[in-house]
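Breakdown of the fold
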Amino acid sequence: MASNYKITYNVDMVFCIDATGSMTGVIDMVKENALNLYTDVSNAMAKKNKTIDKLRVRVVVFRDYVADGDDAMLVTDFFSLPEQTEDFERCVRSVQAFGGGDDPEDGLEALGYAIKSKWDTEGMKKRQVIVVWTDATTHELGFGKSMPNYPKGMAKDFNELTAWWGDRQNSGFINQNAKRLLLFAPDGPYWNTISDTWDNVIHFPSIAGEGLGEFDYAQIIDSISNTI
Amino acid sequence: MKKKESAGGLRSKLDEVFVVSGEMIKDNGEDDHYAYVDQKFGIVGVFDGCGGIGSRKYEMYENKTGAYIASHMSAETVEAWFDKFCEGGAELSGNTAADICADLHDSLADTLGEIEKTSGGRGAIKGSLVRSFPTTASMILFTLKDKKVYSLYVWAGDSRGYILTPDGLTQITRDDIDAGEDALSNLSSDSRLTNLVHAGGDFKLNSKIISFSGPAVLISATDGCFGYFSTPMEFEYMLLEALSKAKSMDGWKKLIDGGIREYTGDDYTLAAAVLGYGDFRTFKRSFARRRAELYEKYISRLDSADKEELWEEYRAVYYGEAR
């Protein structure tokens, strides 16, 4: 047999966290989930004799471009774990819930940032996982484009964002086989459209003010680790 | 493994039916199998519950996952179906293959659909990646007629059905994964399943019927058996290397188990029917030339040659194009 052969697992995760005022009751739980995810997924994989060779995590904190100005979107580079655990923890723990204005938020822009991440292309088996935590529906893409800090080059509408995600015919900005999107979001616009029409999506419909139950969190961990 | 003793008929051609299996987490393995030989028909089937998309746990089923329940209930369903099939005086031929598949499909869909209903429905979780009680399936139904073996391969997902002869290992099934991937590229691209058995019922059971007169081994295997080698030829080589070292059929089985366990990172199940060799020495001797050829042409060159080039050469036999 081929000598020194070993399958390597490289995993990238992007956490999109809604940090508007309505998330006040659940933001600590979301932060804990984000912080525990690496350990919990690693432990779940270890039970199956698998080791993640390279894991990177990136954070996208989103609010509302019209209501929140410079606080509307905070985006980090990837943190390599476990080497940059302290930096990652400091970043997540600094997230505070405030602002947001009206009920829909700019979650689609956050998703746009996440999809266009500089994904790891190395490793035999790859997973590129985006997790969205929000208790709100989303504005249409470009709702806040009149604001000076609205990003240039953002998908101009939902159809373009859908193309960024890609499908079996046209690959987008994320590896077609490696991609997974976990939505912890209300069953309303546009999250339900994404859940119904995009591939590789798991949607845990949330209700404002109610946390992510232990049962569902365990299922998220299993879903991620079992597909790696 | 269940094997009914009977004289004559298919038994006159059958040397052995066996199953090799292992689980990553004790008592929570998401693979299952059904292997049985009746007077007229035999079956070797494997089922691999899909943990990534069927990870919901069900309290009423001892907190097992949907994936676990799906593979185990599918195996039980196929067992019940096979009993009825054998009792019903059915025939296995090109003319009956479509009806057999339709019947199997309905049995699996009914069972999983009923489990979904009684376990509280699909739950709140939705999305294209979520399936209720999902499992792959690879089943080979076989019979002896006019001194020929007729085998019907039925499958959904990426569990595979093979035939192993002294000419080599041929994958009869085609994985239900995105187009453009083959057995080599899928080892690293880990492509998504485009079809699998699940409670929703909107799945397809693929089928292919082949007949042969010479000795052969029919193999159903879950991806834990073959998906962790760096090339498809190493899976065949593992089978033949194990055979070359074995002193009995039971020894072969144990060596296959060790060969898979050394590489795999998943639950694994391999069900095989050995047909037409008569005795173990003849069986073992028949594959000596192929093992040597495989080593010389491919295995000994894996570290120095381009894997893609080796695969291009190997795939003609592997996909049956050279047969």
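My aim in this report is to walk through the structure given alongside it, one point at a time. Please read these numbers as outputs of a predicted model, since none were measured by experiment. (Residues numbered from 1 in each chain as written. Chains lettered and ligands numbered in written order. Predicted model: local features only at pLDDT ≥ 70, side-chain atom pairs only at ≥ 80, totals over all residues. Heavy atoms only, no water.)

Some details on the overall build of chain A
The line we're drawing: Each helix corresponds to a stretch of at least 4 residues labelled H or I by DSSP, and each strand to a stretch of at least 2 residues labelled E; elements are numbered beginning at the N terminus. Per-residue accessibility, obtained with a 1.4 Å probe over protein chains only, is compared with the maximum for each type, and a residue is labelled buried under 20%, exposed over 50%, and partly exposed between these values. Working rule for contacts: check all heavy atoms of both residues, and any pair within 4.5 Å makes them a contact. Computed with a 1.4 Å probe, the accessible areas rest on the Shrake-Rupley method; for each residue, only the protein chains presented here act as cover.
Per the secondary structure count, chain A includes seven helices and seven strands. Along the chain direction, N to C, the helices and strands of chain A fall in the order β-α-β-α-β-β-α-α-β-α-β-α-β-α. Counting only C-alpha atoms and orienting by the principal axes, one finds that chain A spans roughly 60 × 40 × 30 Å. Residues counted as buried form 57% of the 228 residues belonging to chain A. Summarising the internal contacts of chain A: among those between residues at least 6 apart in sequence, 74% fall at separations of at least 24. Within the structure as shown, chain A displays about 9500 Å² of accessible surface, and the carbon and sulfur contribution to it stands at 48%.

Topic: the interface of chain A and chain B
Operational definition: In this description, buried area is defined as the sum, over both parts, of the accessible area (probe of 1.4 Å) that is lost when the two are combined. Whenever a nitrogen or oxygen atom comes within 3.5 Å of another N or O atom, the pair is scored as a polar contact, on the condition that within protein one atom can donate a hydrogen and the other can accept it, and that pairs from neighbouring residues in sequence are kept only if both atoms are in side chains. Residues are grouped as follows: nonpolar covers Ala, Val, Leu, Ile, Met, Phe, Trp, Tyr, Cys and Pro; charged covers Asp, Glu, Lys and Arg; every other residue, Gly included, is treated as polar.
Each side of the interface is counted separately: chain A has 36 residues, and chain B has 36 residues. Note on chain A versus chain B: buried area summed over both sides is about 3300 Å², and carbon and sulfur give 52% of it. Taken together, the links from chain A to chain B amount to two residue pairs in polar contact (both at pLDDT 80 or more). Contributing elements (two or more residues each) for the side of chain A that touches chain B: β5 (125-133), α6 (191-197), β7 (201-205) and α7 (214-227) of chain A. For the side of chain A that touches chain B, the leading source of residues is α7 of chain A, giving seven residues. Among the residues making up the side of chain A that touches chain B, the classes are represented as twelve nonpolar, twelve polar and twelve charged.

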